[in-house]
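# Residue-level structure breakdown
Here is how the chains run, residue by residue.
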Amino acid sequence: MIKSTALKITWPQLGLRRMALAGLIATLIGAFLLSLALGSVQIPLDNVVRILLGGTPDKATWSDILFKFRLPKALTAVLAGGALAVSGLQMQTLFRNPLADPYILGVSSGASLGVALVMLSTGAAAVKVVGSLGLYGDLGLVVAASLGSMLVLGLVLLVAQRVQSTLTLLILGLMFGYLTSALVSLLIYFSLPERIQLFSLWSAGSFGGVTWSQQRVFTPVIVTGLLAAHLLPKALNALLLGDIYARSLGVNVVQSRRWIILCASLLAGTATAFCGPIGFLGVAVPHLCRTLFNTADHRVLVPTTMLLGATIALLADLIAQLPGSQTILPLNVVTSLFGVPVIIWMLLRQQQLRASFAG
Amino acid sequence: MSSLLKSHQLAIGYKNAGRAMSTVVDQITVALQPGELTCLIGPNGAGKSTLMRTLAGMQPPLAGTVTLGEQALHRLPPAVLAKQLAVVLTERVEVGNLSAYALVALGRHPYTDWRGRLRQADEAVVRQAMTTVGADQLAARPVSELSDGERQKVMIARALAQEPEVLILDEPTAFLDLPRRVEIMQLLHNLARESRRAILLSTHDLDLALRMADRLWLLPTGGPLLVGMPEELALNGALAQTFQSEGVEFDAAVGAFKIQRHPCGPIGLTGHGAAALWTARALERIGFEVITDNNSEQLPFHVRIAGVNGSTRWHVTRTSGRTEYRSLAEVVENLV
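Criteria and cut-off values
- The residue count restarts for each chain, going from 1 along the sequence in the order it is written.
- To read the labels, note that chains go from A and ligands from 1, taken in the order they are written.
- In keeping with the predicted nature of the model, local features appear solely for residues at pLDDT of at least 70, side-chain atom pairs appear and are counted solely at 80 or more, and the whole-chain, interface and lining totals rest on all residues.
- Note on conventions: DSSP H or I runs of at least 4 residues are helices, E runs of at least 2 residues are strands, and numbering of each starts at the N terminus.
- In this treatment the radius of gyration is a C-alpha quantity, and the globule benchmark scales as 2.2 Å times the residue count to the 0.38 power.
- Counts of 20 or more other C-beta atoms within 10 Å of a residue's own C-beta define buried residues, counts of 12 or fewer define exposed ones, and intermediate counts define partly exposed ones; C-beta atoms are placed from the backbone.
- We call two residues in contact when the distance between their C-beta atoms, placed using the backbone, is within 7 Å.
- Domain limits in this description derive from either an automatic procedure or a database domain assignment.
- Amino acids are sorted into nonpolar (Ala, Val, Leu, Ile, Met, Phe, Trp, Tyr, Cys and Pro), charged (Asp, Glu, Lys and Arg) and polar (every other residue, Gly among them).
- What makes two strands pair is DSSP finding at least two bridges between them.
- Geometry is summarised by axes, namely lines fitted to C-alpha atoms with helices restricted to the contacting stretch, and by angles between N-to-C directions that run from 0 to 180 degrees.
- Crossing handedness: left-handed means the near helix sits turned counterclockwise from the far one by under a right angle, and right-handed means the same turn made clockwise.
- A helix is expected to span 1.5 Å multiplied by its residue count minus one.
- Arc definition: directions from the helix axis to the C-beta atoms.
- Buried Ala, Val, Leu, Ile, Met, Phe, Trp, Tyr and Cys residues form a nonpolar core when they are connected through C-beta atoms within 7 Å.
- Confidence per residue, as judged by the predictor, is encoded in pLDDT with a range of 0 to 100.
- When describing relative orientation, an angle under 35 degrees is termed roughly parallel and one over 145 degrees roughly antiparallel, while 65 to 115 degrees is termed roughly perpendicular and anything else oblique.

## Observations regarding the overall build of chain B
Per the secondary structure count, chain B includes eleven helices and 16 strands. For a compact globule of 336 residues, the expected C-alpha radius of gyration is about 20 Å, and chain B comes in at 21 Å, within 12% of that figure. Across its three principal axes, chain B shows a C-alpha extent of roughly 65 × 50 × 35 Å. By residue count, 41% of the 336 residues in chain B fall in the buried class. Put simply, of all contacts in chain B between residues at least 6 apart along the chain, 65% involve residues at least 24 apart.

What follows is the structure, encoded as structure tokens:
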């Protein structure tokens, strides 16, 4: 008997397409150069390239502007944007929740608590302790924020070892977050107005605060985290099917979960410590990638989310500068203005959020 | 015939937070044979899912052992187990805009490198799995757009992509309409036979299980687990008893679906009563067309049932001669 083989089967292609990757890298390079060129002072693109290649620009000050301000800031935006987006992707898959973000386990509230403790502590004894630890100044903030997020991360990891249910873990993370937020509110309530302003400045988020000397810590940590993230797509793909299926595929779920949380928290914690809590990049970028590449395969999503996150962070920062003017908008305002419409648009357009996750 | 998966004196249930154990069923000694479709049926709450999970290595036994091949199942590393045993669960997976092909490809997880990259050989297995279940036309479709029946086929293909020797399915027909249920059961029946896999599934579909299963595991509330050929369990009353206690009457005469497939050709049957009815069913199941008219004695194969209930004898005539059997199981084993 001849079976009907008239219908030709087209097997879809798996994995990342080279053209898509090349396109994303080209866009990222474009955005990077643009963010070097635009600002309160415009530097022509040919001059930007010339300075980067070691040549002399038309105006001597341009070289200074580029190296002292714009280059470190653009590098920070690239790394922090990529870190937050990848971290958000990992959290969304781990918790099977479309609104999960890098901060879902309380990493940013932990950082806020650290910063608030340093900035808002007013008692003489507290000032003495904080001062003797060298926690004032830029690097002090970073140390405080890192300690805060590490504290929360440590608690979450400790709990993750014992808790089997991912949902329980999610709720515990939220509870940690609320608790630290409450402590921050308490600190704000009892502190001086000028200190509060300093704290709210940090809360507004900025890529501009990371100096070259801080880059020596920031860059290696974020790069390590991003490289580690590229080791995890296989486990994330298995977790798409849920914990039980993942286990039946030979995945050690508890151990994979620990590595994913560690990686995501390292990325989000470091980015937050250096740049402040930056909203919506971590939620919106992974969804944008799922739509653009029409897939849920993390072998595609991890690299594309990283590249797109970096690009969008650069563009958001560019918009916050309001090129040609002296005004600078808070970064979080811009990322919210970008992130909220993206999520609403996707919700309405193809109900992707609902389709992507169990309801 | 050596069994693939077997349990010895197995007790299933839960270890509570304290030290107390709540045993659901114990003294389970069963085996899954290659090439056989085994159906687990029983009322809700009897422990079907617990038994399936324990046999699949997802839950530790309270006592006794489960062996897969020669090894203790619960001591196998998950990555090794995943290459020998695959599961299909009742819960509906939501994987968003993953294509059916990409979903089936996830079944290659135990075989791929750290990046999860599929080699050509892996993709060939994935394609073969989809063709086997008749889902190759669905390859490019997003899983979220598939119907329940299509989705179930894709999930079975995903399990097949693991190239398991044992396949365990928890209520694979639960959300399907009747024709799809028959289709899936038929698919699993053929799959067991043709690929020499051992397939265990739980179902509430008594009628389909009776027609399709090579072996039936009956789990009444509180146990013990009864094992046998479906027709034998019907004949010896175990089936009626299991469901009688649940207030459900088992109507042996009802058959909603007549399954037509006779690759083994015609066979004559002479006899009366329940024994004849269930013998006919058994013969149809293994692929004979049962003829009961006057000329049936002239056919190359013929079965004559003699005796009364309790001491039934089956006289099987074929070209090589005539043999007498004391049980229906013997008849079927010697005719297959």
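Now that the structure is up, let's keep going.
## Focus on the domain arrangement of chain B
Residues and elements named next belong to chain B. Domain assignment breaks chain B into domain 1 (5–244) and domain 2 (266–335). A separation of 32 Å is found between the C-alpha centroids of domain 1 and domain 2. For the side of domain 1 that touches domain 2, the element with the highest residue contribution is helix H8 (residues 230–235), accounting for four residues. Among the residues forming the side of domain 1 that touches domain 2, the class breakdown is three nonpolar, no polar and three charged.

## A short note on the sheet that holds strand S16 (residues 321–325) of chain B
Within a sheet, adjacent strands bond to each other through the backbone by hydrogen bonds, running parallel or antiparallel. All names here are of chain B. An order of S13-S12-S14-S15-S16 is seen for the five strands of this open sheet, with the pairing classed as mixed. Lying at the two open borders of the sheet, with one neighbouring strand each, are strand S13 (289–291) and S16. Averaged over all pairs of adjacent strands, the angle between strand axes in this sheet comes to 25°, irrespective of strand direction. Bridging between strand S15 (residues 313–318) and S16 involves five bridges; their strand directions are antiparallel. Its bridge partner lying in S16, Trp314 is registered against Tyr325. Lying on the sheet, helix H10 (residues 273–285) is in contact with strand S12 (266–270), S13 and strand S14 (302–306); it crosses S12 at an angle near 170°.

## Comments concerning the interface of chain B and chain A
Contacts between the two partners involve 33 residues from chain B and, on the opposite side, 34 residues from chain A. Of all the secondary-structure elements, those providing two or more residues to the side of chain B that touches chain A are helix H2 (78–81), strand S7 (85–88) and helix H3 (100–105) of chain B. Residue composition of the side of chain B that touches chain A, grouped by class: 20 nonpolar, seven polar and six charged.

## Quick look at the environment of Ile260 of chain A
Residue and element names in this part refer to chain A. Mapped onto the secondary structure, Ile260 falls in helix H12 (residues 253–275). A count of 22 C-beta atoms within 10 Å places Ile260 in the buried class. Through-space distance from the C-alpha of Ile260 to that of Val283 is 17 Å; in sequence the pair is 23 residues apart. For Ile260, the residues in contact, after removing those within four places along its chain, are Gln90, Leu94, Leu232 and Ala235.

## Some points on the sheet that holds strand S4 (residues 37–41) of chain B
Residue and element names in this part refer to chain B. Taken in spatial order, the six strands of this open sheet run S7-S8-S9-S4-S10-S11, and their pairing is mixed. One side of each edge strand has no neighbouring strand; the edge strands of this open sheet are S7 and strand S11 (226–228). Between one strand axis and the next, the sheet turns by 15° as a mean value, whatever way the strands run. Pairing between S7 and strand S8 (residues 166–170): four bridges, direction parallel. The partner of Val88 across the bridge, within S8, is Leu169. Against the sheet, helix H1 (residues 48–55) touches S4, S8 and strand S9 (198–202), its axis set at about 155° to S8.

## Quick word on the packing of helix H3 (residues 60–94) of chain A against H12 of chain A
Residue and element names in this part refer to chain A. Orientation of H3 relative to H12, taken along the N-to-C sense of each, is 145°, at an axis distance of 9 Å. Crossing geometry of H3 relative to H12 is assigned as left-handed. For the pair H3 and H12, contact is made by Thr76, Ala80, Ala83, Leu84, Val86, Ser87, Gln90, Met91 and Leu94 and by Arg257, Ile260, Cys263, Ala264, Leu267, Ala268, Thr270, Ala271, Phe274 and Cys275, respectively. Looking at the contact of H3 with H12 residue by residue, the class counts come to 14 nonpolar, four polar and one charged.

## Quick word on the pairing of S4 of chain B
Residue and element names in this part refer to chain B. Within S4, five of the five residues are buried, which leaves it mostly tucked inside the rest of the structure. Sheet topology note: the S4/strand S10 (residues 215–218) ladder contains four bridges and is parallel. Among the inter-strand pairings, Thr38 is bridged to a residue of S10, identified as Arg215.

## Observations concerning helix H4 (residues 120–132) of chain B
Residues and elements named next belong to chain B. In a regular helix each residue adds 1.5 Å, so 13 residues correspond to 18 Å; H4 covers 18 Å between its end C-alpha atoms and thus fits that length. Along H4, the positions that sit buried rather than exposed are Val125, Val126, Ala129 and Met130. Take H4 and look down its axis: the buried residues cluster within an arc of 135°, on one side only. Residues of H4 that are exposed and point over 90 degrees away from its buried face: Gln120, Ala121 and Ala124. Downstream of H4 by a residue or two, Gly134 has a phi angle that is positive, lying close to 70°.

## Regarding the nonpolar core
Ala80, Ala83 and Val115 of chain A together with Val104, Ala157 and Ile168 of chain B are the most contacted members of the largest nonpolar core, which totals 197 residues. Here this core takes 14 residues from H3 of chain A, the largest share from any one element. Each of domain 1 (5–244) and domain 2 (266–335) of chain B gives at least three residues to this core. Apart from residues lying up to four places away in sequence, Ala83 of chain A is in contact with Ile222, Gly225, Leu226, Leu267, Ala268, Thr270 and Ala271 of chain A.

## Details of H1 of chain B
Residue and element names in this part refer to chain B. If you check which residues of H1 are buried, you get Lys48, Leu51, Met52, Thr54 and Leu55. Along the long axis of H1, the arc covered by the buried residues comes to 165°, so they all point the same way. Buried residues belonging to H1 abut strand S1 (5–15), strand S2 (21–28), S4, strand S5 (63–68), S8 and S9. One or two steps after H1, the chain reaches Gly57, where phi turns positive at roughly 80°.

## Some words on the confidence of the model for chain B
Residues and elements named next belong to chain B. This prediction gives chain B a mean pLDDT of 85; 92% of its residues lie at or above 70. Of all secondary-structure elements in chain B, the lowest mean pLDDT belongs to helix H9 (residues 238–244), at 74, while S9 reaches the highest, 95. Taken together, the chains of this predicted complex give a pTM of 0.80 and an interface ipTM of 0.81.

## Some points on unusual backbone geometry
All names here are of chain B. Even without a glycine there, the phi angle at Gln27 is positive, about 55°. Relative to the helices and strands, Gln27 resides in strand S2. Its identity as a non-glycine residue notwithstanding, Glu171 has a phi of 45°, on the positive side. Take Glu171: it is sitting in the loop between S8 and helix H6 (178–195).

## Considering the packing of H3 of chain A against helix H14 (residues 298–321) of chain A
All names here are of chain A. Where H3 contacts H14, the two axes come as close as 7 Å, and the packing angle between them is 140°. When the interaxial angle is binned, H3 and H14 end up oblique. Handedness of the crossing formed by H3 with H14: right-handed. Facing H3, whose interface residues are Lys73, Ala74, Ala77, Val78, Ala80, Gly81, Gly82, Leu84, Ala85, Val86, Leu89 and Thr93, H14 presents His298, Leu301, Val302, Thr305, Met306, Leu308, Gly309, Ala310, Ile312, Ala313, Leu314 and Asp317. When its residues are assigned to classes, the contact of H3 with H14 shows 16 nonpolar, six polar and two charged.

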